[in-house]
Amino acid sequence: MSLAVDKYIHIASSPRSDGKIELVSGSFPERETFWANELKKNPDAPWANYVKGVLEQLLKRGVNFKGFNAAITGDIPMGAGMSSSAALEVATALTVRRLYPFSLSETGTTLPPSRDARGELPPVPQDEKLHFAKLCQAAENQFVGVQSGLLDQISSLFGKAWHVMSIDFQSLKVERTPMIGEAIIVCNSGVKHELVGGEYNELRQDCESAAQKLGAKSLRSVEFMSLEANKARLTTREYECARHVVSEIQRVVAGERALRDDDHRQFGQYMFRSHESSRDFLKNSTAELDLLVELARAHSGCLGARLTGGGFGGATINLVAYHQAEGFMQHMSDAYEDKTGHKLQPILCQIVDGAG
């Protein structure tokens, strides 16, 4: 389950005809310039790898672009686990589409969309958004080196205002359930979330290995009772990862039912249980994230809280009764600084439509 919030990556761009691409970012001092047909990593500007990875995938799919200038800015906290990398990837793909129109298919490109009288392109069709998501995932897997799934990219593209997305990664079907009347508040622990370091890839390897030993294509098709019955086939770490994933799938199904019943308090309880499972079994939490969840639980207005993103630092997401949002944010700020000595600035978010 995921949602899109009102934090953005913005790219201002202009085409150029010499085949060069020049990037500047409001978050990094390095200016990066390279040829469109020479996409190589630059250790002095690692942030540009997300852009280059997308450009590489576009070229592989037959998209032709000559070059461009781009200035990148945004208000997504970096290292907070709020999918800033996926947002940059999606923004890059949509920027190239606007400069050099193209349409994606499952295998490559099709007839490009036409501009209207004002020179604007139509929105990306829903079925084509999935191709954009897969392209951006491939950029992160193959160029950046993080073996991430499609969650972040799909969330960036398929979000709907005031709705929570439920994504089935077997069928790649996205369903949306309303969640109106509560506040979404993000609390950044200040511990930088970084997936390139390898921890995320190790988790994925353990999950894939567990599925293989259980005779399943993925843990998506493993039932909890079957996992327990075959526990002896797995290493301790494989079992822990598998237990989290299998039980989390059950919580997603139950959470979706709670939302349909408009039972936000029950939904929040599943959020708490989800964090506990991440902490005890997936082990991608940190002391700071655990503290944030416990501080949130102590406030009467908090319905649920859990870590967000891949963990290993970053932030928590909190479901809070809207009329108590201000008091909750003050409580979290004061209590976190009292416990850790670090200042916390909670972020009030609104659920919005995705990009495209």
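Preceding this section is the structure that the text describes.
Position numbers for residues count from 1 along each chain, tracking the sequence in the order it is written. The predicted origin of the model limits local features to residues at a pLDDT of at least 70 and limits the giving and counting of side-chain atom pairs to 80 or more, whereas totals for whole chains, interfaces and linings rest on all residues. In computing side-chain properties, one takes all heavy atoms of the structure into account and sets aside hydrogens as well as water.

A look at the packing of aromatic side chains
Consideration 1: For Phe, Tyr and Trp, where Trp contributes only its six-membered ring, two rings pair if their centres lie within 6.5 Å, and the inter-plane angle classes them as stacked under 30 degrees, edge-to-face over 60, or tilted in between. Here the structure, examined in full by the defined rule, presents two aromatic pairs.
Consideration 2: Residues Phe28 and Trp47 carry aromatic rings whose centres are separated by 5.7 Å and whose planes lie at 0 degrees to one another, so their mutual orientation is stacked. With a gap of 19 residues between them, Phe28 in the loop between β2 (20-25) and β3 (32-35) and Trp47 in the loop between β3 and α1 (49-60) connect regions that are remote in the sequence.
Consideration 3: The buried category is assigned to Trp47, whose relative accessible area is 5%.
Consideration 4: Judged by centre distance (5.7 Å) and plane angle (20 degrees), the rings of Phe102 and Phe132 are stacked. Pair noted here: Phe102 is in the loop between α2 (84-99) and β5 (103-104) and Phe132 is in helix α3 (residues 126-144), with a separation of 30 residues, a long-range link. No difference in accessibility class separates Phe102 from Phe132, as the two residues are buried.
Consideration 5: In this scheme, Lys NZ or Arg CZ marks a charge over a ring once it lies within 6 Å of the ring centre and within 35 degrees of the ring normal. It is Lys41 that lies over the ring of Phe143; its NZ or CZ is 5.9 Å from the centre.
Consideration 6: One cation-aromatic arrangement involves Lys52 over Phe34; the distance from NZ or CZ to the ring centre is 5.0 Å. The secondary structure listing takes helices from DSSP runs of H or I that are at least 4 residues long and strands from runs of E that are at least 2 residues long, numbered from the N terminus. Throughout, exposure labels follow a simple rule: accessible area from a 1.4 Å probe, protein chains only, divided by the maximum for the residue type, with under 20% read as buried, over 50% as exposed, and the rest as partly exposed.

Considering the sheet that holds strand β1 (residues 9-15)
Consideration 1: Strand pairing follows a simple DSSP-based rule, namely that at least 2 bridges must link the two strands. With mixed pairing, four strands are arranged side by side in an open sheet as β1-β4-β2-β3. One side of each edge strand has no neighbouring strand; the edge strands of this open sheet are β1 and β3. Within this sheet the neighbouring strands show an average axis-to-axis angle of 15 degrees, counted without direction.
Consideration 2: Here β2 pairs with β3 via four bridges, running antiparallel. In this analysis an axis means a line fitted to C-alpha atoms, helices contributing only their contacting stretch, and an angle means the value between N-to-C directions, from 0 to 180 degrees.

Side note on the sheet that holds strand β11 (residues 315-321)
Consideration 1: Ordered by their spatial adjacency, four strands build an open sheet running β10-β11-β9-β12, and the pairing between neighbours is antiparallel. Only two strands of the sheet have a single partner each, and these edge strands are β10 (302-307) and β12 (347-349). Going across the sheet, the axis of each strand differs from the next one's by a mean of 25 degrees, ignoring polarity.
Consideration 2: Every residue pair with non-hydrogen atoms within 4.5 Å of one another is taken to be in contact. Against the sheet, helix α8 (residues 264-282) contacts β9 (182-188), β10 and β11, and its axis sits at roughly 25 degrees relative to β10.

Brief notes about the environment of Ser114
Consideration 1: Residue placement: Ser114 occurs in the loop between β6 (109-110) and α3.
Consideration 2: Among residues more than four places away in sequence, those in contact with Ser114 are Glu120, Leu121 and Pro122.

A few points about the nonpolar core
One recurring pattern in soluble globular proteins: nonpolar side chains tend to sit buried together.
Consideration 1: We call a set of buried residues a nonpolar core when its members are Ala, Val, Leu, Ile, Met, Phe, Trp, Tyr or Cys and they connect through side-chain atoms within 4.5 Å of each other. Grouped together as the largest cluster of nonpolar side chains are 44 residues, with contacts concentrated most on Leu23, Leu55, Leu58 and Phe65.
Consideration 2: Top element by residues in this core is α3. It accounts for eight residues.
Consideration 3: Formed by 23 residues, the second largest nonpolar core is a distinct cluster that contains Val164, Ile184, Ala258 and Cys349.

Quick notes on the environment of Tyr8
Consideration 1: Relative to the helices and strands, Tyr8 is located in the segment before β1.
Consideration 2: C-alpha of Tyr8 to C-alpha of Lys60: the two residues are 52 residues apart in sequence and 27 Å apart in space.
Consideration 3: Contact partners of Tyr8, with chain neighbours within four places excluded, come to Thr73, Gly74, Asp75, Ile76 and Val352.

Some words on the pairing of β2
Consideration 1: By the alternation rule, side chains of β2 split into Ile21, Leu23 and Ser25, which are all buried, and Lys20, Glu22 and Val24, of which none is buried.
Consideration 2: Linkage of β2 to β3, two consecutive antiparallel strands, is achieved through a turn of six residues.
Consideration 3: In this sheet, strand β4 (residues 68-74) lies alongside β2 in parallel orientation, the contact comprising five bridges. By the bridge assignment, Ile21 is partnered in β4 with Phe68.

Some thoughts on the environment of Ala315
Consideration 1: Within the fold, Ala315 resides in strand β11.
Consideration 2: Look at Ala315 and you get buried, because its relative accessible area is 0%.
Consideration 3: Taking the C-alpha atoms as reference, Ala315 lies 25 Å from Ala138; in sequence the two are 177 residues apart.
Consideration 4: Not counting residues within four places of it along the chain, the set of residues in contact with Ala315 comprises Ala80, Val186, Cys187, Asn188, Ser189, Leu289, Leu307 and Thr308.

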